[in-house]
Amino acid sequence: MTKQLQQVDVAIVGGGMAGASLALMLARYCPQLSVALLEQRALPDAGASVQLPSFDTRATAISAGSLQIFSELGLWAQLRDYCAPIQRIQVSDRGHALGVSLHAERHERASFQGMLGAVIENAALGPVLHEALAQTPVQLMAPAQVSEVQMGADGARLRWHAGDDGEQAELKTPLLVVADGVNSPLCRQLGVEIETIQYRQRALVTTVGLQRDHGGVAYERFTDAGPMALLPLPRRDGQHRMALVWTCAEEEARALTELSDDAFVERLQRAFGWRAGRIQRAGSLQGYPLSLSLAREQWRRNLVLVGNCAHFLHPVAGQGFNLTLRDCYALAQALTGADLAQDSSDQLDLLQEYGRDRQLDQQLTIGFSDRIPPLFASSNLMVQGLRQAGMLGLTLAPPLRASFVGQAAGFGL
């Protein structure tokens, strides 16, 4: 038996960080729109305390531009207790003397409260977003498994159920937003083609403990074994912590995961060097294959894709979630004042404008994330000379450095 058909102005499928952020933005900037958020997993109870691991954690680097968006949504007061500020970014190339150090205080436009960005623990970010959603008119449907979507001239018709034995329900909307992650089942069902490039690399992710305080410095280090990032984390239980993302060839990744804890720390110290001081310990090591995944169409009439189902990037620049937030913000701004139930031609014009506005930022960010790893992995002397020239240019040319920092911090466009 199917419940009575329900209708909303916008239905978001996927309640992860992308979908939850967009729902909050629509509630803030488009109060005239009724919004439903469907998430296949049950959400934590509103008001439940945030549970953080004592040492090992997963984290996301948030640019200054993204922090500004969260501040507009009224979330910064809650988030800042679970993040470590990035005051400086140090970029270096193993075996070469030149490096680049980017300081927040030298780039006022690319800063948020004197920061280039912050690193927020995922175990806190998700609950903060969902707690904020509980205070809005957004309809939260979780668990909600979407089993079928039918697109028509006037929008989408979704059939969903709550769990295996849940009663079938239907939802109709003039605008469907798909935010259900990479390898999206809905994208396949809707015939959205996905272009994928396999890097034949893996990202190894863990938390490391340091002998000394990181001082708000984020490190991007390019080594023979692959690029690695060390990102500042809040101190906990007296331990100085940083988040490690180490991308390397699949064979190297397998060898690293087979090392003992002490042997892995020793190998990491040799590869990274001593810029952050002595590395004392490492948490559990997790790895995942790396690829570039791009939807050939991120919008069409009555449909928009956001998050990893729209673009899934190499983590070297830490820009995947920040690009998603800028997409969501632009979409919410485009829908400000819109009456989606009345005129589908107006909606199409709004989505076309949204697509044009996002094109350049996406091209720059995706292109940078795609081209930087092979550039720094090359042993070709000419390529090495070019990347060192680029380092020198960033060091000596303030306008170029300001532009680079502005783009990385989410204020470039």
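Reading the values: rules and limits
Sequence order as written defines residue numbering, which begins from 1 separately in each chain. For a predicted model such as this one, the threshold for reporting local features is a pLDDT of at least 70, and the threshold for listing and counting side-chain atom pairs is 80 or more; totals across whole chains, interfaces and linings nevertheless cover every residue. Computation of side-chain values: all heavy atoms of the structure, hydrogens and water removed. The classification of residues rests on relative accessible area computed with a 1.4 Å probe and restricted to protein chains. Under 20% of the type maximum is buried, over 50% is exposed, and intermediate values are partly exposed. Secondary structure elements follow DSSP: runs of H or I no shorter than four residues count as helices, runs of E no shorter than two count as strands, and numbering proceeds from the N terminus. By the convention used here, residues are in contact when the closest approach between their heavy atoms is within 4.5 Å. Take the buried residues of types Ala, Val, Leu, Ile, Met, Phe, Trp, Tyr and Cys, join any two whose side-chain atoms come within 4.5 Å, and each joined set is a nonpolar core. Stacked, edge-to-face and tilted labels apply to pairs of Phe, Tyr and Trp rings (six-membered ring for Trp) whose centres lie within 6.5 Å, assigned for plane angles under 30 degrees, over 60, and everything in between, in that order. Any two strands with at least two DSSP bridges between them are considered paired. A pair is scored as a salt bridge if a Lys or Arg side-chain nitrogen falls within 4 Å of a carboxyl oxygen belonging to Asp or Glu.

**So, helix α2 (residues 64-72)**
The α-helix winds at 3.6 residues per turn, so residues separated by three or four positions along the chain end up facing the same way.
And step 1. When we look at burial in α2, the residues that qualify are Ala 64, Gly 65, Ser 66, Leu 67, Ile 69 and Phe 70.
And step 2. The secondary structure elements touched by the buried residues of α2 are α1 (17-29), β4 (59-63), α3 (76-79), β8 (117-121), α4 (122-133) and α8 (320-334).
And step 3. One or two steps after α2, the chain reaches Gly 74, where phi turns positive at roughly 80°.

**What to know about the nonpolar core**
Nonpolar side chains tend toward joint burial in soluble globular proteins.
And step 1. Val 10, Ile 12, Leu 26, Phe 70, Leu 75 and Val 177 are the most contacted members of the largest nonpolar core, which has 49 residues in total.
And step 2. Apart from residues no more than four positions distant in its own chain, Leu 75 is found in contact with Leu 24, Phe 70, Val 128, Leu 129 and Ala 132.
And step 3. With 25 residues, the next largest nonpolar core counts Leu 38, Val 146, Trp 160 and Leu 303 among its residues.

**Brief notes about the packing of aromatic side chains**
Any two aromatic rings considered together are summarised by their centre-to-centre distance and by the angle between their planes.
And step 1. Per the counting criterion, the structure on display carries three aromatic pairs.
And step 2. Ring plane angle 80° and centroid distance 5.6 Å describe the contact between Tyr 29 and Tyr 329, whose orientation is recorded as edge-to-face. Of this pair, Tyr 29 sits in helix α1 while Tyr 329 sits in helix α8, placing them 300 residues apart in sequence.
And step 3. Owing to a relative accessible area of 12%, Tyr 29 belongs among the buried residues under this scheme.
And step 4. A relative accessible area of 23% means that Tyr 329 is categorised as partly exposed.

**Description of the sheet that holds strand β10 (residues 145-152)**
The pairing of strands in a sheet happens through backbone hydrogen bonds and is either parallel or antiparallel.
And step 1. Strand order across the open sheet formed by four strands is β1-β12-β11-β10, with mixed pairing between neighbours. Bordering the open sheet on either side are β1 (6-7) and β10, each of which pairs with just one other strand.

**What to know about the pairing of strand β17 (residues 240-249)**
And step 1. Of all 10 residues in β17, eight are buried; the element is thus mostly enclosed.
And step 2. Alignment of strand β14 (residues 194-210) against β17, held across 10 bridges, turns out to be antiparallel. Paired with Thr 206 across the two strands is Leu 244, which belongs to β17.

**With respect to the pattern of salt bridges**
Side-chain pairs of opposite charge can arise where the charged atoms are in close proximity.
And step 1. Summed over all chains, the structure comprises 13 salt bridges.
And step 2. Asp 154 is paired through a salt bridge with Lys 172; the nearest N and O atoms lie 3.0 Å apart. A residue pair is termed long-range when its members are at least 10 positions apart, and Asp 154 in the loop between β10 and β11 (155-161) and Lys 172 in strand β12 (residues 168-173) qualify at 18 residues.
And step 3. What makes Asp 154 partly exposed here is its relative accessible area of 48%.
And step 4. Accessibility expressed as a relative area gives 22% for Lys 172, which makes it partly exposed.
And step 5. Across the pair Arg 326 and Asp 361 runs a salt bridge, and its minimum N-O distance is 2.6 Å. Residue Arg 326 is found in helix α8, and its partner Asp 361 is found in helix α9 (residues 344-377); the two are separated by 35 residues along the sequence.
And step 6. Its relative accessible area of 3% is what places Asp 361 among the buried residues.
And step 7. Shared partners join several salt bridges into a network, and the residues in it are Arg 326, Asp 327, Arg 358 and Asp 361.

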